[in-house]
Amino acid sequence: MKKLSPSMLSADFGELNSQIEIIERAGAQYLHIDVMDGVFVPNISFGAPVYKCIRKNSGLVFDVHLMITEPIRYIEDFVKAGADIVNFHVEAAEDPGKTIEKIRSFGVKAGITIKPNTPVSAVEKYLDKVDLVLVMTVEPGFGGQKLIPECLKKITELKKIRGERGLSYEIEVDGGVGLGNLREVMESGSDVIVAGSAVFGADDIGKTVREMLDIIREYD
């Protein structure tokens, strides 16, 4: 089943609980939670205590995207705060294999991410160990960027590898996706769509979620 994962980074934090309730009622399945450390990426976002506060009020799958150096140090904290998926950058981990093992040791799903200039080959040897691969279609660390079309080729490549090797990871895409280019992104082979400003910046958040899901479901 294809999924929508609205990005909390673009939400109004003064209205956070109510906006999360809106996307959940509208049918979104995941909540994408961008954690930035100001080192691996230039910006700082929030840590585990922030989404721990909303965990008790939401039934969404917490899709935690770690944009931090040496993510293995903080996995336990994020799991305890309520993460269902812990997703880290291959570029930020000294030992991606050990990082995946640690995530799985807590009984949650493991994801691995590649930046726009990182090839699929950088994660290929880990594909049988992860539940999700996130392809960044913008440079991580900033919201509101335009999608880099060349990155969609990596989604198609990952789908091909998955079929050839009989694997089952989901392919997630993050960066610059909205109603205007959603079909193009879906046609590349995506399973999970991250959308930040396209959802939380909309005049009617619930309506936008429903419209995006209508398109996404065409590809189930």
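Use the structure listed above.
Residues numbered from 1 in each chain as written. Predicted model: local features only at pLDDT ≥ 70, side-chain atom pairs only at ≥ 80, totals over all residues. Heavy atoms only, no water.

A few words on the nonpolar core. Counting residues in hydrophobic clusters, the biggest one holds 64 residues, and the most contacted among them are Tyr51 and Ile193. At 6 residues, the largest contribution of residues to this core is made by helix α8 (residues 205-217). Among residues more than four places away in sequence, those in contact with Ile193 are Lys3, Leu4, Ser5, Val173, Val177, Leu182, Val185, Met186, Met212 and Ile216. Judged by nonpolar contacts, the second largest core, of 7 residues, contains Ile85, Leu132, Leu134 and Met136. (Core = buried A, V, L, I, M, F, W, Y, C linked by side-chain atoms within 4.5 Å. Buried < 20%, exposed > 50% of the residue type's maximum accessible area, 1.4 Å probe, protein only. Helix = DSSP H or I, 4+ residues; strand = E, 2+ residues; numbered from the N terminus. Contact = heavy atoms within 4.5 Å.)

Turning our attention to the sheet that holds strand β7 (residues 170-174). What the 8 strands build is an open sheet, ordered β1-β8-β7-β6-β5-β4-β3-β2; its pairing is parallel. The open sheet has two edge strands with one neighbour each: β1 (3-6) and β2 (30-36). Ignoring which end each strand starts from, the neighbouring axes of this sheet average 25° apart. When strand β3 (residues 61-67) meets strand β4 (residues 85-89), the two strands line up parallel, connected through 4 bridges. In the strand pairing of β4, Val64 is matched with Val86. Along the sheet, helix α4 (residues 96-105) contacts β4 and β5 (109-114); its crossing angle with β5, the most-contacted strand, is approximately 150°. (Pairing = 2+ DSSP bridges. Axes fitted to C-alpha atoms, helices over the stretch in contact; angles between N-to-C directions.)

Once that is clear, we can look at the pairing of strand β6 (residues 132-136). Burial runs high along β6: 5 of the 5 residues are buried. In this sheet, β6 lies alongside β5 in parallel orientation, the contact comprising 4 bridges. Bridge pairing links Gly111 to Leu132 in β6. Note: β6 against β7, 5 bridges, orientation parallel.

This brings us to the pattern of salt bridges. Within the structure shown, the criterion is met by 11 salt bridges. The partner of Glu164 in a salt bridge is Lys160, and the shortest N-O contact between them spans 2.8 Å. Placement of the pair is Glu164 and Lys160 together in helix α5 (residues 152-165), with a separation of 4 residues, close to one helical turn. Residue Glu164 shares its accessibility class with Lys160, and that shared class is exposed. (Salt bridge = Lys/Arg side-chain N within 4 Å of Asp/Glu carboxyl O.)

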